[in-house]
Amino acid sequence: MIDLDRDAPLPLADQLVEAMRYEIASGRYRPGARLPSTRALGEQLGVSFHTVRKGYQKLAEEGVLDVRRGGGYVVVERQTLSRAERLERGAGVVQDALHKLVGLGLSDAEVDYAVQEGLEFFERPGRARALVFAAGYRELAESGAEQSSAALQERVAPALLSDLAGLDALDGLIVPLPDLRPARQARPEAESVGAGVEYPYEALERVASLGAGESLGLVTRWADAVAPLSDEVRRRTGFAGHVLGLPVDGDRRQLDAVLRQAALVAFTPQARRRVRPLLQKAATPHAELAPSLAPAALARLREVLGS
């Protein structure tokens, strides 16, 4: 994503030139690709289309872009510089960057840390992909994103299904299986994968063992998880009793009442740290409802989105 700094001494058009060089070199825009129009990119970056045109024209003068009849700028295939030329130009860029870092007051150790942190970004070739795990409520999105990140060895961000339309461009989208079709309709440009979500069998079995006259306490981190998780637990277990659900940061008196009255308290991983000390005091039977992506779903993720 291009980010221009209006407080920097380098003019915006020159910043854009540097950013576009990187976007092209990293593979976001390949030879033959048409760049966004000057007006479209100007609106996206919050700058005048004249600024964008100035940057595009400079890249065209360098032979990076070609101006096509009828308007529009297209990335052209460039002749690769020799190794000596690449090293010479690269040394100049590094020298300039080091001068700027020292000028900011960084010590030698801090410069080394900044360089190493920057190099980590390039461990995976190409630009970082925009990958998202979206779900109906925040806690499931967070858990799914964490497990997807571990499976792909790449950052996957959590998001709500209701926010899909407003997200920036997506490369990959992971959602619970029941939400796959509407997710694909909402973001047809993304490679979408449905993931089966499982819950601990022992916890579900304990809920299923409760009688219709008994109550289940359900403690979550966020309020938006209570209703959908209650429905999911009922669907999976056939529990027909009363569910006492509330977020862990809700009314403390209500929480204490739930812990005293419920025959079993189930809680989400995000609520674990806050609720466990209270459960120990109340000596209430409890179980953690930690969602996990099915092994087959993880294999499918690696197959479709692995790189």
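J.: Can you walk me through the overall build of the protein in this structure?
T.: Check the secondary structure of the protein and you find 12 helices and 12 strands. Scaling as 2.2 N^0.38, a compact globule of 307 residues should have a C-alpha radius of gyration of about 19 Å, whereas the protein reaches 26 Å, well beyond that. Projected onto its principal axes, the C-alpha positions of the protein cover 80 × 50 × 35 Å. With 307 residues in all, the protein has 38% of them scored as buried. A sequence separation of at least 24 residues applies to 59% of the contacts in the protein between residues at least 6 apart. Carbon together with sulfur atoms contributes 51% to the accessible area of the protein, which is approximately 18,100 Å² in total. In the protein, 39 positive and 42 negative side-chain charges are present, and the distance between their average locations comes to 3 Å.

J.: Help me understand the environment of valine 102, please; the structure alone is not making it clear to me.
T.: Mapped onto the secondary structure, valine 102 falls in helix 4 (residues 83-103). Taking the C-alpha atoms as reference points, valine 102 and glutamate 146, 44 residues apart in sequence, are found 37 Å from one another.

J.: What am I meant to see in helix 6 (residues 138-152) here?
T.: For an α-helix, 3.6 residues make a turn, and residues three or four places apart therefore share a direction. With 15 residues, helix 6 should cover 21 Å at 1.5 Å per step; its first-to-last C-alpha distance of 21 Å lies within 8% of that length. The complete set of buried residues in helix 6 reads Glu139, Leu140, Ala141, Ser143, Gly144, Ala145, Ser148, Ser149, Ala151 and Leu152. Within two residues after helix 6, glutamine 153 carries a phi angle of roughly 55 degrees, on the positive side.

J.: Help me out: how do you make sense of the sheet that holds strand 6 (residues 191-195) in this one?
T.: Backbone hydrogen bonds are what pair the strands of a sheet, in a parallel or an antiparallel way. With respect to topology, four strands assemble into an open sheet ordered 4-3-5-6, the strand pairing being parallel. Strands with a single pairing partner mark the edges of an open sheet, and in this sheet they are strand 4 (157-160) and strand 6. For this sheet the average axis-to-axis angle between neighbouring strands, irrespective of direction, equals 30 degrees. Where strand 3 (residues 131-135) and strand 5 (residues 172-176) come together, three bridges link them in parallel fashion. Following the sheet pairing, leucine 131 is matched in strand 5 by glycine 172. Helix-sheet contacts for helix 12 (residues 295-305) involve strand 5 and strand 6, and the interaxial angle to strand 6 is about 170 degrees.

J.: What is the right way to look at the pairing of strand 6 in this model?
T.: Side-chain direction in a regular strand flips from residue to residue, so the side chains alternate between the two faces of the sheet. In terms of residue burial, strand 6 counts as a mostly covered element, since four of its five residues are buried. The sheet contact formed by strand 5 and strand 6 spans five bridges and is parallel. The residue bridging leucine 173 from the neighbouring strand is serine 192, located in strand 6. Following the chain from strand 5 across helix 7 (residues 180-186) to the adjacent parallel strand 6, one finds a crossover that is right-handed.

J.: Explanation requested: the nonpolar core in the structure shown.
T.: One broad trend across soluble globular proteins is that nonpolar side chains are buried collectively. Core analysis: the biggest nonpolar cluster contains 36 residues, and Phe133, Tyr199, Leu216, Leu289 and Leu301 have the highest contact counts within it. When residues of this core are traced back to their parent elements, those giving at least two are strand 3, helix 6, strand 6, helix 8 (201-208), strand 8 (215-220), helix 9 (226-237), strand 10 (264-267) and helix 12. Looking at this core, the element that brings in the most residues is helix 6, giving five residues.

J.: Would you mind showing me how to read a nonpolar patch on the surface here?
T.: A contiguous nonpolar surface patch, about 210 Å² in accessible area, is contributed by Val94, Leu98 and Val115. By the element assignment, valine 115 lies in helix 5 (residues 108-120). Owing to a relative accessible area of 35%, valine 115 belongs among the partly exposed residues under this scheme.

J.: Can you help me understand the packing of aromatic side chains in this one?
T.: For any pair of aromatic rings, geometry is given as the distance between the ring centres together with the angle between the planes. One pass over the structure, following the stated rule, counts one aromatic pair. Stacked on the ring of phenylalanine 49, the Lys or Arg arginine 39 has its end atom at 4.0 Å from the ring centre. The ring of tryptophan 222 carries the charged tip of arginine 221 above its face, separated from the ring centre by 4.2 Å.

J.: I would appreciate a short explanation of the packing of helix 6 against helix 12 in the present structure.
T.: Packed helix pairs are characterised by how far apart their axes lie and by the angle those axes make with each other. The geometry of helix 6 relative to helix 12 is characterised by a closest axis approach of 9 Å and an angle of 60 degrees between their N-to-C directions. On the basis of their axis angle, the class for helix 6 and helix 12 is oblique. In this structure, helix 6 crosses over helix 12, and the sense of that crossing is right-handed. Here Gln147, Ser148, Ala151 and Leu152 of helix 6 come into contact with helix 12, specifically with Leu298, Leu301, Arg302 and Leu305. The class makeup of the residues in the contact of helix 6 with helix 12 is five nonpolar, two polar and one charged.

About the cut-offs
- Residues numbered from 1 in each chain as written.
- Predicted model: local features only at pLDDT ≥ 70, side-chain atom pairs only at ≥ 80, totals over all residues.
- Heavy atoms only, no water.
- Helix = DSSP H or I, 4+ residues; strand = E, 2+ residues; numbered from the N terminus.
- Rg over C-alpha atoms; globule rule 2.2 N^0.38 Å.
- Buried < 20%, exposed > 50% of the residue type's maximum accessible area, 1.4 Å probe, protein only.
- Contact = heavy atoms within 4.5 Å.
- Areas by Shrake-Rupley, 256 points an atom, 1.4 Å probe, with all protein chains shown as cover.
- Lys, Arg positive; Asp, Glu negative; His and termini not counted.
- Charge placed at Lys NZ, Arg CZ, Asp CG, Glu CD.
- Expected span 1.5 Å × (residues − 1).
- Pairing = 2+ DSSP bridges.
- Axes fitted to C-alpha atoms, helices over the stretch in contact; angles between N-to-C directions.
- Right-handed = clockwise from strand over helix to strand, strands pointing away.
- Core = buried A, V, L, I, M, F, W, Y, C linked by side-chain atoms within 4.5 Å.
- Patch = residues over 30% accessible without salt bridge, like charges linked within 9 Å, V, L, I, M, F, W, Y side chains within 5 Å.
- Salt bridge = Lys/Arg side-chain N within 4 Å of Asp/Glu carboxyl O.
- Phe/Tyr/Trp six-rings, centres within 6.5 Å; stacked < 30°, edge-to-face > 60°.
- Lys NZ or Arg CZ within 6 Å of the ring centre and 35° of its normal.
- Parallel < 35°, antiparallel > 145°, perpendicular 65-115°, else oblique.
- Left-handed = near helix turned anticlockwise from the far one by under 90°.
- Nonpolar A, V, L, I, M, F, W, Y, C, P; charged D, E, K, R; others polar.

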